[in-house]
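Letter by letter, the chains look like this.
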Amino acid sequence: MADMNNYNGVESPHEFFTIQRRAVVDNSPEAGAGGFTFDEDDPHQDEAEEFAYTLIRDVEANQDDIDGAIEAAASNWSIARMGTIERNVLRIAAAELRRGESPKGVILDEAVELAKRFGDKESGGFVNGIADKLAATAGRRAT
């Protein structure tokens, strides 16, 4: 699992959440893992930030339910045992799945890419397995 305080070059959790949403809003290659640059002049900046804050508020307001769903989907893993990156990527994914606005496949891809970029070499697979179970439990279909 990733180091508890490791954001791999990202300055804040806010920027981390913004990157996650911009990957869908911008849909450009540099928005994905590896080549992303944080650009204040981006025309989608306000939209991405608002959605990031919406997800943060959703996680905060529903954290007990979200954490319970994650633990139910994560065989033999408690929230406390998960690395910070993996736990928070899963929380973002769960909040976005609960909203029902984005296709399951997009949410899962974003979660896996975030885990790969900001976690360690095993983070992507770990997040993929749990997020897939979360999506199935949420009754969302891949599109």
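Now for a description of the structure that goes with this document. (Residues numbered from 1 in each chain as written. Predicted model: local features only at pLDDT ≥ 70, side-chain atom pairs only at ≥ 80, totals over all residues. Heavy atoms only, no water.)

Here's the deal with the packing of aromatic side chains
For step 1, the next point in the chain: For the structure on display, the rule yields one aromatic pair.
For step 2, the next point in the chain: On the basis of an interplanar angle of 70° and a centroid distance of 4.9 Å, the ring pair of Trp77 and Phe126 is categorised as edge-to-face. You can see Trp77 sitting in the loop between helix 3 (63-73) and helix 4 (84-99) and its partner Phe126 sitting in helix 6 (residues 123-137), a full 49 residues away along the chain.
For step 3, the next point in the chain: By relative accessible area, Trp77 is classed as partly exposed at 25%.
For step 4, the next point in the chain: Stacked on the ring of Trp77, the Lys or Arg Arg81 has its end atom at 4.0 Å from the ring centre. (Phe/Tyr/Trp six-rings, centres within 6.5 Å; stacked < 30°, edge-to-face > 60°. Helix = DSSP H or I, 4+ residues; strand = E, 2+ residues; numbered from the N terminus. Buried < 20%, exposed > 50% of the residue type's maximum accessible area, 1.4 Å probe, protein only. Lys NZ or Arg CZ within 6 Å of the ring centre and 35° of its normal.)

Side note on the nonpolar core
For step 1, the next point in the chain: Of all hydrophobic cores here, the largest spans 29 residues; its most connected members are Ile70, Met82, Leu90, Val127, Ile130 and Leu134.
For step 2, the next point in the chain: The set of elements that each furnish at least two residues to this core consists of helix 2 (45-61), helix 3, helix 4, helix 5 (104-118) and helix 6.
For step 3, the next point in the chain: For this core, the element with the most residues is helix 4, which contributes eight residues.
For step 4, the next point in the chain: Setting aside chain neighbours within four positions, we find Met82 in contact with Ile70, Ala74, Trp77, Arg87, Leu90, Phe126 and Ile130. (Core = buried A, V, L, I, M, F, W, Y, C linked by side-chain atoms within 4.5 Å. Contact = heavy atoms within 4.5 Å.)

Here's the deal with the pattern of salt bridges
For step 1, the next point in the chain: Within the structure shown, the criterion is met by six salt bridges.
For step 2, the next point in the chain: Among the ionic pairs, Glu50 bridges to Arg57, the shortest N-O distance being 3.1 Å.
For step 3, the next point in the chain: Overall, the relative accessible area of 45% leaves Glu50 in the partly exposed class.
For step 4, the next point in the chain: The class for Arg57 is partly exposed, based on a relative accessible area of 43%.
For step 5, the next point in the chain: A salt bridge links Asp58 to Arg99, with the nearest nitrogen and oxygen atoms 2.9 Å apart. (Salt bridge = Lys/Arg side-chain N within 4 Å of Asp/Glu carboxyl O.)

A look at helix 3
For step 1, the next point in the chain: Considered for burial, the residues of helix 3 that qualify are Ile66, Asp67, Ile70 and Ala73. Buried residues along helix 3 cover an arc of 125° about the axis, so they all sit on one side. Seen from the buried face of helix 3, the exposed residues on the opposite side, beyond 90 degrees, are Asp64 and Ala72. (Arc of directions from axis to C-beta.)

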